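Remarks on the overall topology
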Amino acid sequence: MARSRSAVRNALLSLLLAYGSPNAAPAEIAFATRRDVTLPSAVRDLAVARLNADPRPDALVVTDRGIEVLLGSAEGVFAAPLLIRQQPVPARVAVGDFDGDGRADLVVAGISEPALHVRFGAGDGSFEAGPRLALPGRVLGLQVADVNRDGLADILAGWSDGILVFRGQNGRSFAEPQGVDTEGAPGSAFRTADVDGDGLVDLLLLERSGEGVGFFRGDGQGGFAATTASFAGSEPRALAALQDLDGDQLLDLAVVDGRGLSWLKGDGKGGFSEPARLIRSDDLAAVAAVDWDRDGIYDLVALDERRAVVHVLKNRGRGRFEMAGQRLAGAQPRVLAVADLDGDGAPDLLAGNTLGRSLTILWNRDGQIEGAPVFDVGSDPGEATALDADRDGHLDLAVLHREAGSVSVHLGDGNGNFVSHFEQRVGQDPRALVSTDFDGDSVLDLAIANFASDDIAVLLGNGRGKFTPPLLLAAGLGPSAITAGDFNGDGKLDLAVANRLSNSLSVFWGDGKGRFRDPTNFATPPRPTFVLAGDLNRDGRLDLVAGSSRPEQVAVFYGRQEGLAETADVAAFQSPVRPVVAADFDGDGTADVVRVDEFSDRVAVFPGRVESDLAMPRYFATGRQPTAAVAGDFDGDGKPDLVVLHRRSRVALFLRNTTADFARPGHATSAAQAPTPASDPWQAAIEPW
């Protein structure tokens with residue numbers, strides 16, 4: 001007998017929310033994600049200095065509107081920005097005391113104007129206009145240093161044919177510019193430091209059209225002479241602040257080039273060794289040297305603008321670096337700044353995000369970087385599932401890769417970190433997977449629906465994080481969704497597969513040893529995209545729901561003693577119907593629902609309520625264009641967390657559940673009321689909005 005649309009919908013939602021009675025008033029769901037300061041337009045440059053009388057560092061952010069002044073607060077964050085309008089549109093900013101009054105002044109370079117604009121600080125975060133300094137061409141690089149040791153900051157401005165030095169003078173003026181002969185190299189990427197240890201400011205200049213870094217020895221009067229050049233890599237882009245990276249008391253160099261990040265050992269005379277490659281990537285935009293853990297040895301951080309991550313490299317001494325993690329930044333991070341934002345004596349990090357129109361704050365907590373950890377999962381990640389593949393008690397991840405036609409396994413350490421461990425070809429364009437024990441050996445296995453090769457790959461686990469080569473089962477056309485369950489009551493797990501291009505449901509009958517008989521096929525609504533299993537009518541037998549978000553139809557196949565019923569109960573909906581991720585994130589005994597918002601770079605979490613529909617969502621920032629999410633307790637604290645996949649940037653983001661009142665007495669979920677395990681097919685449910 002057919003059931004009404006509302007009856008089917010209510011049954012589905014009752015399964016979604018069937019976690020038992022609520023324990024208490026729900027806590028406010030929270031996840032540890034990145035902390036952003038939103039700005040009105042794209043970030044072009046960034047500088048940090050103390051602009052007023054308090055000891056907290058402030059930020060100067062170059063945007064399309066002008067210079068945004070963000071005054072620091074006691075909490076290590078910033079007050080609302082104060083705008084200094086600047087025309088034409090500014091491109092760069094640098095800070096120094098140009099008039100010797102002890103207050104921070106600034107110099108601004110326009111995006112196209114061949115000039116610099118100096119502004120003198122009043123000591124309260126405001127500035128008054130100073131002189132305009134003309135150049136022969138537009139400004140490509142900008143640095144501030146006291147090159148002639150008179151106690152006043154001087155300005156070094158790079159342009160297409162070299163570098164000009166504007167020496168500060170008393171009376172808020174500057175001497176006529178002095179040119180630096182760069183031998184034809186543009187002044188687009190350079191740094192100032194005492195490279196050779198003679199107490200005078202020198203220059204290092206990247207030959208961006210070539211492969212070298214040139215050393216220009218300073219004479220202490222504002223003049224610089226080309227001395228030597230060293231190989232810096234292929235198409236070098238950016239220099240880190242010069243620091244001693246190997247403990248020999250000589251300045252070394254970190255360089256971003258077209259192939260990644262390298263460090264070069266300094267000889268104390270302006271020469272450098274061949275580059276030692278640390279990161280291979282063509283998407284790095286900036287690098288900084290900073291002693292994160294305050295062990296007296298400088299570490300490195302680098303921005304990856306395409307993947308929107310901050311790479312952290314720990315220096316183990318003598319220039320031996322190892323990757324210490326990655327943290328999420330905003331969209332297209334391009335500029336870095338380091339400062340002790342919260343006054344705890346440890347350096348923190350600011351990343352300026354061009355497309356994200358924001359600053360990402362990464363605080364240093366006892367040598368550990370707060371924020372949202374990310375990890376590599378390989379090219380074109382699609383769907384994923386959580387499972388304990390190596391039986392160590394920690395949840396791992398199995399991730400599908402559509403272009404490569406493979407599945408990869410990433411082992412979890414129980415603290416939200418993952419290490420790539422195994423990859424196996426499974427078929428063409430894998431679209432969906434399910435994890436359970438098909439052969440009865442108490443080890444989790446995998447079944448994967450391959451859309452383009454019209455088959456199902458069954459991989460048996462070995463309990464050590466690896467799987468057998470796939471057993472392939474012929475399915476219908478375009479299998480796009482899969483679930484598992486005992487659909488005929490024989491105590492052995494079967495597989496149900498929705499075939500999108502043949503408008504059918506294929507049920508493969510398991511023998512309990514990891515093999516399957518030929519399928520039984522059922523007709524479904526057009527182009528089914530999901531299949532779910534659960535006891536829909538509470539008769540003790542598993543039922544199946546298969547359907548499509550277009551034309552918003554679902555078919556219900558009821559379990560019988562002899563197997564699934566031939567006839568389907570079809571219900572139509574007026575809004576899209578799709579599987580969702582659900583878990584009890586606040587510990588109140590009801591399931592909460594996750595929606596991935598691909599085009600707003602966030603996930604929405606809808607708290608579940610027994611007495612009513614879902615509550616209004618809370619939003620949490622992700623990387624660019626998130627595509628899928630997986631729920632599970634990945635850090636072993638009893639709270640379900642989220643891992644969010646990003647197909648474009650090839651990374652997964654770990655969102656740690658930080659809901660404050662989840663485990664308070666009388667609030668924690670009891671064992672009888674615990675959420676359905678991640679491997680249970682009803683972890684996915686019908687989207688109710």
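Residues numbered from 1 in each chain as written. Predicted model: local features only at pLDDT ≥ 70, side-chain atom pairs only at ≥ 80, totals over all residues. Heavy atoms only, no water.

**Side note on the overall build of the protein chain**
Condition: Runs of E in the DSSP output that reach at least two residues are strands. Runs of H or I that reach at least four are helices, and both are numbered from the N terminus. Relative accessible area decides the class of each residue, using a 1.4 Å probe on protein chains only: under 20% of the type maximum gives buried, over 50% gives exposed, and in between gives partly exposed. Only heavy atoms matter for contacts: two residues are in contact if any of them lie within 4.5 Å across the pair. Surface accessibility follows the Shrake-Rupley procedure with a 1.4 Å probe radius. Residue values consider only the protein chains on display as shielding.
On a plain count of helices and strands, the protein chain comes out with one helix and 60 strands. Looking at the protein chain residue by residue over its 689 residues, the buried ones come to 57%. Excluding contacts between residues fewer than 6 apart, the proportion of contacts in the protein chain whose partners are at least 24 apart in sequence is 45%. When the accessible surface of the protein chain is summed, it comes to about 26,800 Å², and 46% of that surface belongs to carbon and sulfur atoms.

**Observations regarding the side chain of D592**
Test applied: Under this definition, polar contacts are N or O atom pairs within 3.5 Å; protein pairs additionally need one hydrogen-donor-capable and one acceptor-capable atom, and for neighbouring residues in sequence, both atoms have to be side-chain atoms.
Along the chain, D592 falls in strand β54 (residues 592–597). Of note is the side chain of D592, whose polar atom sits 2.7 Å from the backbone nitrogen of F585. Among residues more than four places away in sequence, those in contact with D592 are I29, V581, A582, A583, D584, F585, D586, V605, F606, P607 and G608.

**Some thoughts on unusual backbone geometry**
In this structure, P88 follows Q87 across a cis peptide bond, with omega equal to -5 degrees. In this fold, P88 is placed in the loop between β6 (82–85) and β7 (90–96). One non-glycine residue, Q249, lies in positive phi territory at about 70 degrees. Of note, Q249 is situated in the loop between β21 (238–239) and β22 (253–257). The backbone of R357 sits at a positive phi, close to 50 degrees, despite the residue not being glycine. With a relative accessible area of 45%, R357 lands in the partly exposed category.

**Description of the sheet that holds strand β45 (residues 504–508)**
This is how the line gets drawn: If DSSP finds at least two bridges between two strands, the strands pair. To define axes, lines are fitted to C-alpha atoms, for helices over the stretch in contact only, and angles between the resulting N-to-C directions are given on a 0 to 180 degree scale.
Overall, antiparallel pairing links the four strands, which are arranged β43-β44-β45-β46 in an open sheet. Looking along the sheet, the strands with just one partner apiece sit at the ends: β43 (479–485) and β46 (520–523). Sheet twist, expressed as the average angle between the axes of neighbouring strands with direction ignored, equals 20 degrees. The pairing of β45 with β46 spans four bridges and is classified as antiparallel. From the neighbouring strand, L505 faces β46, where its bridge partner is F522.

**What about the pattern of salt bridges?**
So the rule is basically this: Salt bridge, as applied in this entry: a Lys or Arg side-chain nitrogen positioned within 4 Å of an Asp or Glu carboxyl oxygen.
Overall, the coordinates contain 28 salt bridges when judged by the stated rule. For the salt bridge of R65 with E68, the shortest nitrogen-to-oxygen distance reads 2.9 Å. Residue classification places R65 among the partly exposed positions, given a relative accessible area of 32%. One salt bridge in this structure joins D257 and R277, with 3.0 Å as the shortest N-O distance. Here D257, found in strand β22, pairs with R277, found in strand β24 (residues 276–280); they are 20 residues apart in sequence, far enough to count as distant. Through salt bridges that share partners, D99, E128 and R172 make up one connected network.

**Description of the sheet that holds strand β8 (residues 105–110)**
The pairing of strands in a sheet comes from backbone hydrogen bonds and takes either a parallel or an antiparallel form. Here four strands make up an open sheet; going across it, the order is β7-β8-β9-β10 and the pairing antiparallel. Strands at the two margins of the open sheet, each flanked by one partner only, are β7 and β10 (127–134). Looking at each pair of strands side by side, their axes are set apart by 25 degrees on average, direction ignored. For β8 and strand β9 (residues 115–121), the ladder comprises four bridges, and the chain directions are antiparallel. Paired with V108 across the two strands is H117, which belongs to β9.

**Describing the packing of aromatic side chains**
Quick reminder of the rule: Paired rings are identified among Phe, Tyr and Trp, the last through its six-membered ring, by centres lying within 6.5 Å, and are further divided according to the angle between planes into stacked (under 30 degrees), edge-to-face (over 60) and tilted (the rest).
Summed over all chains, the structure comprises nine aromatic pairs. A centroid spacing of 5.6 Å and a plane angle of 70 degrees characterise the contact between F418 and F634, whose relative ring orientation is edge-to-face. On the criterion of sequence distance, the pair formed by F418 in strand β38 (residues 418–425) and F634 in the loop between β57 (626–632) and β58 (641–646) is long-range, its members being 216 residues apart. F634 shares its class with F418; the two are buried.

By themselves, these figures tell us nothing about what the structure is for.
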